[in-house]
Amino acid sequence: MNKTRLYWFLQIFGWLGFALINLFFVSLERGVSPIQIGAYCSLASFYLLSTHALRLVIKKYGWFNLGFIQLLPNTLLALAALSVLNTIAQILINLAFDTLDTEQDFRLVVISVNIFLSFLFYSLWVMLYFLFHFLDNYNQSLKYQAKINEIQLNHLKSQLNPHFIFNALNSVRALVDEDPSKAKLAITQLSNILRFSLMMDKKRTIDFENEINTVKDYLNLETIRFEERLHVKYDIEPSAYDYKIPPMMLQTIVENGIKHGISNRVKGGVIEIKCREGVTDDLIIQVKNSGQLKSQAFSKKKEREGHGINNTVQRLKLIYGDRASFKIYNSDNEFVVTEIKIPKQNLTLG
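Residues numbered from 1 in each chain as written. Predicted model: local features only at pLDDT ≥ 70, side-chain atom pairs only at ≥ 80, totals over all residues. Heavy atoms only, no water.

K.L.:
How should a nonpolar patch on the surface be read in this particular structure?
P.N.:
Nonpolar side chains collect at one region of the surface, where Trp8, Phe9, Leu10, Ile12, Phe13, Leu16 and Leu20 lie side by side and expose about 670 Å² of accessible area between them. Along the polypeptide, leucine 20 turns up in helix H1 (residues 3-30). (Patch = residues over 30% accessible without salt bridge, like charges linked within 9 Å, V, L, I, M, F, W, Y side chains within 5 Å. Areas by Shrake-Rupley, 256 points an atom, 1.4 Å probe, with all protein chains shown as cover. Salt bridge = Lys/Arg side-chain N within 4 Å of Asp/Glu carboxyl O. Helix = DSSP H or I, 4+ residues; strand = E, 2+ residues; numbered from the N terminus.)

Below, the structure is given as structure tokens:
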């Protein structure tokens, strides 16, 4: 059961249980009538809708990202407002079912007690909801830490494999006598990539600018090796630099395009990186490389490598949940397109 279904299951059966418990105690005193059943079910429905509205506010305004000093007054104000609305709803429900006692129900002490009891119920709901979120987030963090350790090992074996390092060193060696200044620059770029790779497990996400700079260093080194067989294009909107992405994610996709696309073509080809902000405040990353994706061959490659595309998909799932997407497909004109969508807010919410 996914989190959305679990949420609605708990919401519906939790507030239904609230109505049944109240009806049970009423039945002990004077029996239960259809009017009382309708009134308590209506009140439970209001609790369900109002708590769901509070959940939408919490998610929309990112309350889980607030510190305790900011979160506490926001929560207390919301609970107080809901308690008052709930008391008004109780009066309207009693009026609708013709059970309103104006002399009794409009007394200050009765209204105060109703507000206080509503505040207690809403407080209990908020505590359970926040507790569930933090436990789930803690569980996701444990999963991420376990996965990131595996990714680091796989990354050192694959993403910066000895073939890439040997090719880069050979390219640098060829430049030492021919163009010493360019050789120095290539050594600096290789050093940057190695340092970045060794530090990739330190953070869950990094600034997009750091990632794209590493990718540029990598492609500059590959351009030395492939010479005129590799052409690189960048189309990056300024808004992309406002985002954070998983470290080495874009590097993995680009190297995949070089390894399985460009290097297999006699005439080489093009690597094109496009990054733009979507209409729903998402970062859309597209990597296009010359070549064609053959489903059977691609499947075998995934099984053999086990930690390239597959790890990218799993990392996106662990960090962003269902709010990120990944797809790879053939496009016209002999291109393979890898497209990733990343939300601007990094934390997954319950």
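Structure shown, so let's carry the discussion forward.
K.L.:
Could you clarify how one ought to interpret the layout of surface pockets in this entry?
P.N.:
Gaps left between atoms show up when a probe the size of a water molecule is rolled over them. By volume, the largest pocket is sized at about 650 Å³. In this structure, the largest pocket is lined by 24 residues; those nearest its centre are Tyr40, Leu43, Gln90, Asn94 and Asn114. Going through the elements one at a time, H1, helix H2 (34-60), helix H3 (68-96), helix H4 (102-105) and helix H5 (108-159) are the ones with two or more residues in the lining of the largest pocket. In terms of residues, the lining of the largest pocket owes the most to one element, H2, which gives six residues. (1 Å grid on protein atoms, 1.4 Å probe; cavity = no way out; pocket = protein on both sides within 12 Å on 5 of 7 lines; lining within 4 Å. Points joined across faces, edges and corners; volume = space filled by probe spheres on them.)

K.L.:
Help me understand the environment of isoleucine 206 in this model?
P.N.:
Looking at the element boundaries, isoleucine 206 is found in strand E1 (residues 206-207). The spatial distance from the C-alpha of isoleucine 206 to the C-alpha of proline 247 is 5.9 Å, given a sequence separation of 41 residues. Here isoleucine 206 is in contact with Phe196, Glu211, Tyr243, Lys244, Ile245 and Pro247, once residues within four sequence places are set aside. (Contact = heavy atoms within 4.5 Å.)

K.L.:
What should I look at first to understand the nonpolar core in this one?
P.N.:
Grouped burial of nonpolar side chains is what soluble globular proteins tend to show. Judged by nonpolar contacts, the single largest core of 40 residues is most densely connected at Val254 and Ile285. Elements supplying a minimum of two residues to this core: helix H6 (162-178), helix H7 (180-198), helix H8 (208-226), helix H9 (249-260), strand E4 (269-277), strand E5 (282-290), helix H11 (309-320) and strand E7 (335-343). Looking at this core, the element that brings in the most residues is H8, giving eight residues. For isoleucine 285, the residues in contact, after removing those within four places along its chain, are Ile245, Met249, Leu250, Lys274, Cys275, Thr338, Glu339, Ile340 and Ile342. Membership of the second largest hydrophobic core comes to 23 residues, among which are Trp15, Leu48, Leu54 and Ala78. (Core = buried A, V, L, I, M, F, W, Y, C linked by side-chain atoms within 4.5 Å. Buried < 20%, exposed > 50% of the residue type's maximum accessible area, 1.4 Å probe, protein only.)

K.L.:
Teacher, can you tell me more about H2 here?
P.N.:
In an α-helix, one full turn covers 3.6 residues, which means residues spaced three or four apart are oriented alike. Its 27 residues place the ends of H2 39 Å apart at the C-alpha level, agreeing with the 39 Å of an ideal helix rising 1.5 Å per residue. Taken from the residues just after H2, glycine 62 is the one with a positive phi, measuring 60°. (Expected span 1.5 Å × (residues − 1).)

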